[in-house]
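# Reading the structure
Below are the chains, spelled out letter by letter.
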Amino acid sequence: MSTYFHPKKYAPEDFASLSPSADALPVVIVGAGPVGMGVAMGLAQRGIPVTILEAADQVSFGSRAICVSRHSLEVAERLGFGAELEDIVLPWVGGRSYYRDQEVLHFRMASADHDARGPMVNVSQSEFEQIMTDKLLAHPLVNFHWSSSIAGITAADDEVTLTVDTAFGTRELRAAWVVAADGGRSKMRELSGIRLQGNSYEGNYVIADIHWESELPAERLVWFDAPSNPGSTIIMHRQPRDIWRIDYQLDASDDPKAETQEDRIRDRITRHLEWLQSDIPWTLEWFGFYRAHALALEDFTHGRVLFAGDAAHLVPIFGVRGLNSGMEDAETLVWQLASVINGASDTAILDAYSTERRSAWQQNVDNAGKSTLIMSPGSHGHRTTRDAVLELATTRSEFAHLINPRQSSATHAHLSPLTWPTAPGTEGVLPGDPLEDRIVEVSADGSATSLNRLRGTGFGLLAFGLSAELVSELDTQADALARALAPETVRVITVGCADATIDDARGDLASAVGARVGEIFVIRPDGLVLCRINDPAQLSDVTKHLSAGTAPTHFDAAVSVIAAGNGDEARREHVWLALSNALDQADPADREGLLVRLALVLGSQASTADFDSAVGSASR
């Protein structure tokens, strides 16, 4: 019996147009996907009424995005649906990749004993959205309008008028702020006259969900040039309740229309499962089709219309960055927009939202783009080097890291106008970096909790080694900061002092973040470090700069630290990319000549033994 999730349907409810004399609605959110609902949750949590307009009569159907990162689980906890989500997810920590029938990669994502959560879980986007919907429908500050699609927008300096097509006729709403979270085919983007810019990759993929009671583990399983479907790449992911997601690549010569017919999809899946020697019955539950894109708006803020999620940017699916980056969009936008609505900040702070989240898109594209060139190479050069990497990885394991999918992780905001610079030589977690959630012990009773739970949903002040006098001053300054940022909460967490909140006797936390005695880390509501200060009195500067949407400039900015592979891995990656581009730029009749000349130049720089060994490795 199938256990596939089918979302609830909602009947449309009539609502009146807003009269010209009525006050504009504080916020209207267009689109009830994870991003739009995440914004709604965060704003309602801060006491701001929200109206949601959704063109459909239910949440999305089908698995769509299924991989939810550790960081997104933190976001879900802060937004108020983390417990319900974690009840239904399927954790996983790594995966295996095969070239034909030979394993060429076995990876595990970073995980440590102090982590509050595992690195990744699987759950269908449909179920993810349904949990959010159930929460929002029960919230007194949230108005949900189903079957309500946008037909027109008129922007003014202080409000936006929305024309809405409903089952009961056309209605008009006015809003002080509009969040456009209506997905990759955004009507709000179209009506605003703006377009995504960037690249679309070669390669088409069919995606399908099946119910299959297999005992295969919950891993990311990939076959390149799968024997069941020669020339194709196949990806398999286990979901809760014996649902499996299968993605497979179509050949450039395949007709997408023909290949997305149900009989062809069944045939492809049957061949693969039979090759896996499975005779377990299965049922096809849902299927779809996609291409990889790396596109974004130049600016995510357009007057009083703010774009988020797929309406603002598209990333290749490899590395599972779509939903996860969208949840980051939502949480960042929430606290910054709320600070404007509540009068704590100038509208300039929304420029920081745009700068930060477009930079985050670029970080995601930089990683996902490399994964895409392995999963779906779109040129002769990249296909040639990809196939060569796979061949080499069967005997030379050092090349396997190039196949790694570079799974989604939290992005940084080093380039944000809000991020404070640091003194040269500062080490550890820098302003703009995400502060990872960790299991910690509460000093008072020794009970275990996490840094995220201690901090709550607002600002956190993480202070190390302060004297009793300075702790008292910090509490006073924190109260003043809370009043200035109300209703945002501000919590003080002390470490390594006489009346510490956290027991850090071994200095594990201080060492992990690179804290010095007397230092205070100011943590934003979305989990990023805003600044590192040495005097509680500097919190008055935090208030001043958040109000203006700026950061001070009295230090030289620290160089942004971006995680990279070690020297050997970085060199192999450079060789792969440079050689791919060289092959693409070469005259097709001279590609073999290029490779021979390259081998002669490099071979002359190697020892005879090393060159002979390299020739042996490269020979089939």
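For the structure itself, consult the block above.
Residues numbered from 1 in each chain as written. Predicted model: local features only at pLDDT ≥ 70, side-chain atom pairs only at ≥ 80, totals over all residues. Heavy atoms only, no water.

The next point concerns the overall build of the protein. Helix and strand content of the protein: 17 helices and 25 strands. A compact globule built from 620 residues should have a C-alpha radius of gyration of about 25 Å, and the protein, at 26 Å, falls within 12% of that. Taken along the three principal axes of its C-alpha coordinates, the protein extends 70 × 65 × 50 Å. Per-residue burial for the protein yields a buried fraction of 52% across its 620 residues. Residue pairs in contact within the protein that sit at least 24 positions apart in sequence constitute 74% of those at least 6 positions apart. (Helix = DSSP H or I, 4+ residues; strand = E, 2+ residues; numbered from the N terminus. Rg over C-alpha atoms; globule rule 2.2 N^0.38 Å. Buried < 20%, exposed > 50% of the residue type's maximum accessible area, 1.4 Å probe, protein only. Contact = heavy atoms within 4.5 Å.)

Turning our attention to unusual backbone geometry. Following alanine 486, the chain continues into proline 487 via a peptide bond in cis, with omega recorded as 10 degrees. Mapped onto the elements of the fold, proline 487 is located in the loop between helix 12 (468-485) and strand 23 (490-495). Of note in this structure, arginine 64 is not a glycine but carries a positive phi near 50 degrees. Along the chain, arginine 64 turns up in the loop between strand 2 (50-53) and strand 3 (67-69). At glutamine 277, a residue that is not glycine, the phi angle is positive and equals roughly 65 degrees. Within the secondary structure, glutamine 277 sits in the loop between helix 7 (262-275) and strand 16 (282-296).

As a further point, take the side chain of glutamine 363. With respect to the helices and strands, the residue glutamine 363 is situated in helix 9 (residues 349-375). On the basis of relative accessibility, which here comes to 16%, the residue glutamine 363 falls in the buried class. For glutamine 363, the residues in contact, after removing those within four places along its chain, are Thr411 and His412.

Next up on the list: the pairing of strand 16. Bridge count for strand 12 (residues 197-212) against strand 16 is 13 bridges, and the pairing is antiparallel. Bridged to tyrosine 205 within strand 16 is tyrosine 290. Of the strand pairs in this sheet, strand 16 and strand 19 (residues 313-314) are connected by two bridges, and their pairing is antiparallel. Its bridge partner being in strand 19, leucine 295 is matched across the sheet by leucine 314. (Pairing = 2+ DSSP bridges.)

A word on the environment of serine 253. Summarising the element assignment, serine 253 is placed in the loop between strand 15 (243-250) and helix 6 (256-259). Residues serine 253 and phenylalanine 81, 172 residues apart in the sequence, show an inter-C-alpha distance of 45 Å. Reaching out from serine 253, the side chain makes a polar contact with the side chain of aspartate 251 at a distance of 2.6 Å. (Polar contact = N/O pair within 3.5 Å; in protein donor to acceptor, adjacent residues only side chain to side chain.)

Bringing the nonpolar core into the picture now. Judged by nonpolar contacts, the single largest core of 136 residues is most densely connected at Phe81 and Leu162. Beyond its immediate stretch of four places on either side in the chain, phenylalanine 81 contacts Met41, Ala76, Phe128, Ile131, Met132, Lys135 and Met327. Residues Tyr98, Trp223, Ile234 and Tyr248 belong to the second largest nonpolar core, which totals 19 residues. (Core = buried A, V, L, I, M, F, W, Y, C linked by side-chain atoms within 4.5 Å.)

What follows is about the sheet that holds strand 7 (residues 120-122). In spatial order, the strands read 3-7-4; together these three strands make up an open sheet with antiparallel pairing. Edge positions in the sheet fall to strand 3 and strand 4 (90-92), since each of these pairs with one other strand and no more. Neighbouring strand axes in the sheet, compared pairwise and without regard to direction, differ in orientation by 35 degrees on average. In the packing of helix 2 (residues 70-79) onto the sheet, the strands contacted are strand 3 and strand 7, and the crossing angle to strand 3 comes to about 75 degrees. (Axes fitted to C-alpha atoms, helices over the stretch in contact; angles between N-to-C directions.)

Here we take up the sheet that holds strand 14 (residues 233-239). Pairing within the open sheet is mixed, and its eight strands lie in the order 6-5-13-14-15-12-16-19. The open sheet has two edge strands, strand 6 (102-108) and strand 19, and neither has a second partner. Strand direction decides the pairing type here: strand 5 (residues 94-99) and strand 13 (residues 220-224), joined by five bridges, are parallel. Looking at strand 13, one finds that glycine 95 is bridged to arginine 220.

Quick look at the pattern of salt bridges now. Counted according to the given criterion, the structure contains 43 salt bridges. For arginine 268, the salt bridge goes to glutamate 259, with nearest N and O atoms at 3.4 Å. Summarising the burial analysis for this pair, arginine 268 and glutamate 259 share the class buried. Residue glutamate 519 is joined to arginine 516 by a salt bridge in which the shortest nitrogen-to-oxygen separation is 3.3 Å. Given the relative accessible area of 1%, glutamate 519 is considered buried. Sharing partners across several salt bridges, the network here consists of Asp254, Glu259, Arg264, Asp267, Arg268 and Arg271. (Salt bridge = Lys/Arg side-chain N within 4 Å of Asp/Glu carboxyl O.)

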